[in-house]
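# What the coordinates show
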Amino acid sequence: MKQIIVWGVFILTGFAGQAMADCSGPNLNQVQLQNTLSGMTVCAIRGDEQWQEQHQGSGGGVLVDYKKGPSDPVDPSKEVGSWNISGTGANAVVTYNYGSGGTYSYAVHVNDDDTYSFCGDSTGEEIVATIVPAAPCP
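A brief report on the enclosed structure follows. (Residues numbered from 1 in each chain as written. Predicted model: local features only at pLDDT ≥ 70, side-chain atom pairs only at ≥ 80, totals over all residues. Heavy atoms only, no water.)

## Focus on the overall build of the protein chain
Scanning the protein chain from N- to C-terminus turns up one helix and eight strands. Traced from its N-terminal end to its C-terminal end, the protein chain shows the element sequence α-β-β-β-β-β-β-β-β. As displayed, the protein chain has an accessible area near 6500 Å², and 50% of this comes from carbon and sulfur atoms. (Helix = DSSP H or I, 4+ residues; strand = E, 2+ residues; numbered from the N terminus. Areas by Shrake-Rupley, 256 points an atom, 1.4 Å probe, with all protein chains shown as cover.)

Printed below as a string of structure tokens:
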């Protein structure tokens, strides 16, 4: 499964309802990010790529690509990097570190259709995603 470059790791696509997506609204603060991401799976689609990244830990920790699940003999879940939250208030971002795959930071916004926009901190790119308590993604 391809890395979220997020979400480029969340880059301008996602689920139905993207017309309501917007990186210009207020982003989640550090407490909201922690409550939204800790222990959850972020589900995103870009073209033919699909991500199911589990956020282990609280406010940061291990990032796991769910793939076809931990017990799948062909494409099992795999640790792909780490995530953490930095900044406060309107300046809070989630940062993904994929080792040699790069580090990417995103401000996160809630959309009107219960999706989230991951807005590239330095790139301006947007990836629309849903967030679910457990993989696999719907």
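## Thoughts on the packing of aromatic side chains
A full pass over the atoms with the stated rule returns three aromatic pairs. With a centroid separation of 6.2 Å and 55° between ring planes, the pair formed by Tyr-98 and Tyr-104 is classed as tilted. For Tyr-98, a relative accessible area of 4% corresponds to the buried category. Cluster of aromatic residues (ring-pair linked, three or more members): Tyr-96, Tyr-98, Tyr-104 and Tyr-106. (Phe/Tyr/Trp six-rings, centres within 6.5 Å; stacked < 30°, edge-to-face > 60°. Buried < 20%, exposed > 50% of the residue type's maximum accessible area, 1.4 Å probe, protein only.)

## A short note on the sheet that holds strand β3 (residues 60-65)
Taken together, eight strands build a closed barrel; the order of strands is β1-β2-β3-β4-β5-β6-β7-β8 and the barrel is antiparallel. When strand polarity is set aside, the average angle formed by the axes of neighbouring strands in this sheet is 35°. Bridge analysis of strand β4 (residues 78-86) against strand β5 (residues 93-97) gives five bridges, and the strand direction is antiparallel. Note that in β5 the partner of Asn-84 across the bridge is Thr-95. (Pairing = 2+ DSSP bridges. Axes fitted to C-alpha atoms, helices over the stretch in contact; angles between N-to-C directions.)

## Quick look at the nonpolar core
Membership of the largest hydrophobic core comes to 21 residues, with the highest contact counts inside it found for Leu-33, Leu-37, Trp-83, Val-94, Tyr-96, Val-108 and Phe-118. Elements supplying a minimum of two residues to this core: α1 (30-37), β1 (41-46), β4, β5, β6 (103-110), β7 (116-120) and β8 (126-132). If we ignore the near neighbours within four places in the chain, the residues touching Leu-33 are Leu-28, Ser-38, Ile-85, Ala-92, Val-93, Val-94 and Val-108. (Core = buried A, V, L, I, M, F, W, Y, C linked by side-chain atoms within 4.5 Å. Contact = heavy atoms within 4.5 Å.)

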